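Residues per chain, in single letters:
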Amino acid sequence: MPTESAELTHPVSTGTVFVTLSGLPLFIDLQWPFHQATSGADFFVLHADLRLADGSGLHALAAVNLSLTIKEVLPSLDSQHTEGPVINALRKEVDRKQLEFLKSPKLVPVHFSSRYFSFKSNQWAFPAASDEEITQLLLRKVYWTAQAGKNEAMVADPIDALYVNNRVDHLREVARKLASQGLIKLTGDLATPTDAIAKHAASFQADMKSQLEELQKKHTFERG
């Protein structure tokens, strides 16, 4: 179930932890605004810095290239209309192992095109995640947000809902189940970890390490 466009008005802070379905916690900084590419190219560019939220200092630099096809269906290129989809496109590129995390990374182009937009329904269309994946996403988000020194994690985030192709209310339902199991404590849509979530800490850390190793191995192989 796609997320309604009216829900995509979430102000992103550089302190927000965005977790990928593959298990990597990220800070995503976007350098607004979009600007037209040089040399008469037919696309617009927005630079992004994706930093692992584990304190390792590893990050990836990306140039988000928005095609004219997508520009024509958007009300504007302002952050209020593009911020969530851009963040989720970057997360999906990380899931697909297209970005490499280094101490001193190079700038990599990311094509922000019709791959993530349905012209039939005239809305953003990211691949749907299962309830099990959504559960893991929320648990990891609460855990990594606390590890990053932040007090609370937003569990009913419209950007997360778009990323997993579901409704914000469904994320709330999943979060309430986690709270009933004693894994998180909820205050409205804000969650903090309980002692019980510590049982999953080793798993979260192992998932991040495993995904990062696979991602880095892929890029090392491609470089020959």
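Residues numbered from 1 in each chain as written. Predicted model: local features only at pLDDT ≥ 70, side-chain atom pairs only at ≥ 80, totals over all residues. Heavy atoms only, no water.

Peer 1: Looking at this structure, how should I read the overall build of the protein chain?
Peer 2: Across its full length, the protein chain carries six helices and ten strands. For 224 residues, the compact-globule estimate of 2.2 N^0.38 gives 17 Å, and the protein chain sits close to it at 17 Å. The principal-axis extent of the C-alpha atoms belonging to the protein chain is close to 55 × 45 × 25 Å. Long-range pairs, those at least 24 residues apart, make up 66% of the contacts in the protein chain with a sequence separation of at least 6. Just so you have it, the protein chain exposes about 10800 Å², and 50% of that area is on carbon and sulfur atoms. (Helix = DSSP H or I, 4+ residues; strand = E, 2+ residues; numbered from the N terminus. Rg over C-alpha atoms; globule rule 2.2 N^0.38 Å. Contact = heavy atoms within 4.5 Å. Areas by Shrake-Rupley, 256 points an atom, 1.4 Å probe, with all protein chains shown as cover.)

Peer 1: So what exactly am I meant to see when it comes to helix 5 (residues 168-180) here?
Peer 2: Every α-helix winds through 3.6 residues per turn, so residues three or four apart in the chain are directed the same way. Taking 1.5 Å of rise per residue, 13 residues should cover 18 Å, and helix 5 covers 19 Å from first to last C-alpha, within 8% of that figure. Buried within helix 5 we find Val168, His170, Leu171, Val174, Ala175 and Leu178. Angularly, the buried residues of helix 5 cover 160° about the axis, an arc narrow enough to put them on a single face. Turned more than 90 degrees away from the buried face of helix 5 sit Arg176, Lys177 and Ser180, all of them exposed. Those residues of helix 5 that are buried are in contact with helix 3 (131-147), helix 4 (158-163) and strand 9 (184-187). Backbone geometry just after helix 5 places glycine 182 at a positive phi near 80°. (Expected span 1.5 Å × (residues − 1). Buried < 20%, exposed > 50% of the residue type's maximum accessible area, 1.4 Å probe, protein only. Arc of directions from axis to C-beta.)

Peer 1: Could you clarify how one ought to interpret the sheet that holds strand 5 (residues 107-112) in this entry?
Peer 2: Strand pairing in a sheet is mediated by backbone hydrogen bonds. Such pairs are either parallel or antiparallel. Taken in spatial order, the five strands of this open sheet run 1-2-3-4-5, and their pairing is mixed. Single-partner strands in this sheet number two, and they are strand 1 (18-19) and strand 5. For strand 2 (residues 25-36) and strand 3 (residues 43-52), the ladder comprises eight bridges, and the chain directions are antiparallel. What sits directly across from phenylalanine 27, in strand 3, is arginine 51. Here helix 2 (residues 79-95) sits on the sheet in contact with strand 1, strand 2, strand 3, strand 4 (59-67) and strand 5, set at roughly 130° to strand 2. (Pairing = 2+ DSSP bridges. Axes fitted to C-alpha atoms, helices over the stretch in contact; angles between N-to-C directions.)

Peer 1: Before we go on, may I ask you to explain the nonpolar core in this structure?
Peer 2: One recurring pattern in soluble globular proteins is that nonpolar side chains are buried together. By size, the foremost hydrophobic cluster in this structure holds 67 residues, and its most contacted members are Phe34, Leu50, Leu90, Phe101 and Trp124. Broken down by element, this core gets its largest block of residues, seven residues, from helix 3. (Core = buried A, V, L, I, M, F, W, Y, C linked by side-chain atoms within 4.5 Å.)

Peer 1: What should I look at first to understand the confidence of the model for the protein chain in this one?
Peer 2: For the protein chain, mean pLDDT is 88; residues scoring 70 or higher make up 92% of the total. In the model of the protein chain, helix 6 (residues 201-223) stands out as the element of lowest mean pLDDT, 85, in contrast to helix 5, which has the highest, 98. Segment residues 1-13: pLDDT under 50, and 29 contacts once partners within four positions in sequence are set aside and those in other chains are kept. (pLDDT = per-residue confidence, 0-100.)

Peer 1: Would you explain the packing of aromatic side chains in this entry?
Peer 2: Two aromatic rings, taken as a pair, are described by how far apart their centres are and by the angle between their planes. Tallied over the entire structure, the rule returns seven aromatic pairs. Between phenylalanine 117 and phenylalanine 119 the ring centres are 5.2 Å apart and the planes differ by 65°, which places this aromatic pair in the edge-to-face class. Taking relative accessible area as the criterion, phenylalanine 119 reaches 43% and is therefore assigned partly exposed. Ring centres 5.1 Å apart and planes at 50° place the aromatic pair tyrosine 143 and phenylalanine 204 in the tilted group. (Phe/Tyr/Trp six-rings, centres within 6.5 Å; stacked < 30°, edge-to-face > 60°.)

Peer 1: Is there a simple way to think about the pattern of salt bridges in this case?
Peer 2: Working definition: two side chains of opposite charge can pair if their charged atoms are close together. Under the defined criterion, the tally for this structure stands at eleven salt bridges. Residue arginine 115 is joined to glutamate 93 by a salt bridge in which the shortest nitrogen-to-oxygen separation is 2.8 Å. One end of the pair, arginine 115, is in the loop between strand 5 and strand 6 (117-118); the other, glutamate 93, is in helix 2, and 22 residues separate them in sequence. Note that arginine 140 and aspartate 207 form a salt bridge whose closest N and O atoms lie 2.7 Å from each other. (Salt bridge = Lys/Arg side-chain N within 4 Å of Asp/Glu carboxyl O.)

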